[in-house]
Amino acid sequence: MKNDKSLLLNILAIAFLAVLAYFIYTVATDDGVGVKLTDDNVIENRVAYRYLNKNVLDENSKYDWGTTAEDSAANIVTSVVADYRLFDTSLEVIVLFITVMGFGLVIPREDRKIKESTELLYHWTPIIMTFMLLVGGYMFINGHISPGGGFPAGAIMSSAVLVGVLAGKQTISHTNLKRIEAIMGTLIFSLAILGFVLKGSFFVNFLEGGKVGDLFSAGLIPILYTLVAFKVSAEISGIYFEFYEGGEEHEHA
Amino acid sequence: MLSIFLISSTSLIFIGLFGVLTRKNIVKILLSLNIIETGINLLLVAFGYKEGGQVPILTSSDSINQLINMVDPVPQALVLTSIVIGLGTTAFALGLTIRYYKTHGTVCIDTSDEEEVSLNE
């Protein structure tokens with residue numbers, strides 16, 4: 001298939017990209033008015049200043065170590081993801097759900113098989129899975145005081161399920177995964193509606209904050225991250241089970 | 001320092017664009033799309049970078065005084081969203097690729113010969 005046409009195509013692509021790169025370079029180094037990308041980042045001029053000081057809703061909120069604040073999560077990225085911009089995160093969970101559902105729809109239903117696992121993997125799987133689930137659990141419980149959170153924790157927990165699938169062990173059934181996902185999704189939006197009933201706005205953090213830096217702080221954030229972690233891990237594990245159970249059906253048929 | 005991030009992320013984006021424009025294997029095109037995505041994520045995080053800045057996480061009573069020196073947390077939160085959505089769309093696209101392979105018998109998008117054969121049948 002390698003003919004002269006593909007060489008011509010490569011040269012054309014390089015020429016096109018070179019023109020594009022020239023324009024981007026010109027814009028990036030232009031001495032126009034306004035703030036340049038290459039200027040030094042001044043945090044006071046940005047919306048992030050309010051997030052850092054935790055005075056978005058209340059102007060007089062004082063953010064301090066060991067005291068309560070408007071949102072007492074020590075991890076400011078978490079407080080942006082799981083409190084101030086929670087609409088983004090909830091819709092992101094819905095997008096992930098839709099793509100995984102679409103994956104189950106488009107994938108063909110025949111010719112799927114999983115190879116027999118080796119002895120080594122089969123016997124080491126419980127030990128590996130225990131450690132992976134421990135790390136995942138630690139990450140979503142500590143998402144508001146250390147790096148981590150619901151999404152990486154869900155990915156780690158679903159990779160524990162993947163190890164189980166590769167070893168040929170039936171750790172959890174596909175129906176139970178769907179149930180977990182449905183219950184967690186319902187709970188996330190029930191909490192949102194509960195916030196609307198109690199405090200008057202959707203997805204409001206209606207629990208008492210506690211001290212900054214404590215494990216039991218940040219109000220609703222650890223609860224929401226736990227729900228998100230289980231939902232994401234159930235969704236991603238569903239992808240592996242699409243292969244696993246399809247192969248089983250094929251063997252029985 | 002920001003110019004290093006700019007150069008590396010735009011070069012990643014252009015490597016990915018080159019792959020999308022010239023490759024004919026669907027799996028390679030998807031890989032190139034993921035490279036573009038990585039470049040854009042790096043670019044977004046780099047916009048919030050600050051020279052000598054700190055992680056936006058409080059770790060002790062001292063770090064509350066360093067709030068002004070922290071990097072911008074908003075792009076990091078946005079990139080967290082974008083990574084998860086990239087995972088979902090990549091999985092969906094690979095599922096479509098499997099479906100394409102089942103119907104056409106190839107993962108190449110430049111197969112006029114095979115397509116003519118299947119149309120004639």
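As named in an unreviewed UniProt entry, chain A is Na(+)/H(+) antiporter subunit B, taken from Helicovermis profundi. Turning to chain A, the UniProt record has this under Subcellular location (unreviewed entry): "Cell membrane". Recorded in UniProt for chain A, the comment headed Sequence similarities (unreviewed entry) runs: "Belongs to the CPA3 antiporters (TC 2.A.63) subunit B family."

(A) Inspection of the overall build of chain A at higher detail. A tally of helices and strands in chain A yields eight helices and zero strands. Ordering the α and β elements of chain A from the N terminus gives α-α-α-α-α-α-α-α. Here chain A holds 253 residues, and 42% of them are scored as buried. For chain A, the accessible area works out to roughly 14,300 Å², and carbon and sulfur atoms hold 66% of it.

(B) The packing of aromatic side chains, seen in detail. Residue and element names in this part refer to chain A. All chains considered together, the criterion is met by seven aromatic pairs over all chains. Arranged with centres 6.0 Å apart and planes meeting at 55 degrees, the rings of Phe-189 and Phe-203 form a pair that is tilted. Pair noted here: Phe-189 is in helix H7 (residues 174-199) and Phe-203 is in the loop between H7 and helix H8 (221-252), with a separation of 14 residues, a long-range link. Using a relative accessible area of 8% as the deciding quantity, one classes Phe-203 as buried. The ring of Phe-97 has Lys-231 sitting right over it, with the charged end atom 5.1 Å from the ring centre.

(C) Highlighting the pattern of salt bridges. All names here are of chain A. One pass over the structure, following the stated rule, counts two salt bridges over all chains. As a salt-bridge pair, Arg-85 and Asp-88 come within 3.3 Å of each other at their nearest N and O atoms. Measuring nitrogen to oxygen at the nearest pair gives 3.4 Å for the salt bridge that ties Glu-235 to Lys-231. You can see Glu-235 and its partner Lys-231 sitting in helix H8, four residues apart, about one turn around the helix.

(D) The side chain of Ser-90 of chain A, seen in detail. All names here are of chain A. Summarising the element assignment, Ser-90 is placed in helix H4 (residues 86-106). Judged by its relative accessible area of 6%, Ser-90 is buried. Leave out the neighbours within four places in its chain, and Ser-90 touches Phe-189 and Phe-203.

(E) A look at the environment of Ile-13 of chain B. All names here are of chain B. With respect to the helices and strands, Ile-13 occurs in helix H1 (residues 2-22). With 19 residues separating them in the primary sequence, Ile-13 and Ser-32 have C-alpha atoms 8.8 Å apart. Apart from the residues lying within four places of it in its own chain, the contact partners of Ile-13 are Ile-36, Gly-39, Ile-40 and Leu-43.

(F) Highlighting the confidence of the model for chain A. Of all residues in chain A, 86% have pLDDT values of 70 or greater, and the mean over the chain is 79. Residue range residues 247-253 of chain A is modelled with pLDDT below 50. Its contacts to residues more than four positions away, or to other chains, number six contacts.

(G) Looking closely at the confidence of the model for chain B. Residues and elements named next belong to chain B. Summary statistics for chain B give a mean pLDDT of 82 and a share of 88% for residues scoring 70 or more. Confidence, expressed as mean pLDDT per element, reaches its minimum in chain B at helix H4 (residues 112-120) with 52 and its maximum at helix H2 (residues 26-47) with 91. Model confidence for the complex: the whole-complex pTM is 0.79, and ipTM, which rates the interface, is 0.78.

(H) The interface of chain B and chain A, seen in detail. Taken residue by residue, the interface counts 46 residues in chain B and 57 residues in chain A. Together chain B and chain A conceal approximately 4,300 Å² of surface at their shared face, both sides included; 75% is due to carbon and sulfur atoms. For the pair chain B and chain A, the interface holds zero salt bridges. Taken together, the connections running from chain B to chain A amount to two residue pairs in polar contact (both at pLDDT 80 or more). Contributing elements (two or more residues each) for the side of chain B that touches chain A: H1 and helix H3 (73-104) of chain B. Ranked by residues supplied to the side of chain B that touches chain A, first place goes to H3 of chain B with 19 residues.

(I) Layout of H4 of chain A. Given a rise of 1.5 Å per residue, 21 residues ought to cover 30 Å, and the 30 Å separating the end C-alpha atoms of H4 of chain A matches this to within 8%. Those residues of H4 of chain A that sit buried are Leu-86, Thr-89, Ser-90, Glu-92, Val-93, Leu-96, Thr-99, Val-100, Gly-102, Phe-103, Gly-104 and Val-106 of chain A.

(J) Local environment of helix H6 (residues 150-166) of chain A. Over its 17 residues, H6 of chain A extends 24 Å from the first C-alpha to the last, a length consistent with the 24 Å expected when each residue adds 1.5 Å. Looking at the residues trailing H6 of chain A, positive phi occurs at Gly-168 of chain A, about 80 degrees.

(K) A look at the environment of Thr-89 of chain B. All names here are of chain B. Mapped onto the elements, Thr-89 comes out in helix H3. Under the relative-accessibility criterion, Thr-89 is labelled partly exposed at 39%. A polar contact of 3.0 Å, which involves the side chain of Thr-89, links it to the backbone oxygen of Gly-86.

Conventions used here
Residues numbered from 1 in each chain as written. Chains lettered and ligands numbered in written order. Predicted model: local features only at pLDDT ≥ 70, side-chain atom pairs only at ≥ 80, totals over all residues. Heavy atoms only, no water. UniProt positions renumbered as here; feature names shortened; annotations may be inferred. Helix = DSSP H or I, 4+ residues; strand = E, 2+ residues; numbered from the N terminus. Buried < 20%, exposed > 50% of the residue type's maximum accessible area, 1.4 Å probe, protein only. Areas by Shrake-Rupley, 256 points an atom, 1.4 Å probe, with all protein chains shown as cover. Phe/Tyr/Trp six-rings, centres within 6.5 Å; stacked < 30°, edge-to-face > 60°. Lys NZ or Arg CZ within 6 Å of the ring centre and 35° of its normal. Salt bridge = Lys/Arg side-chain N within 4 Å of Asp/Glu carboxyl O. Contact = heavy atoms within 4.5 Å. pLDDT = per-residue confidence, 0-100. Buried area = accessible area lost by both parts, 1.4 Å probe. Polar contact = N/O pair within 3.5 Å; in protein donor to acceptor, adjacent residues only side chain to side chain. Expected span 1.5 Å × (residues − 1).

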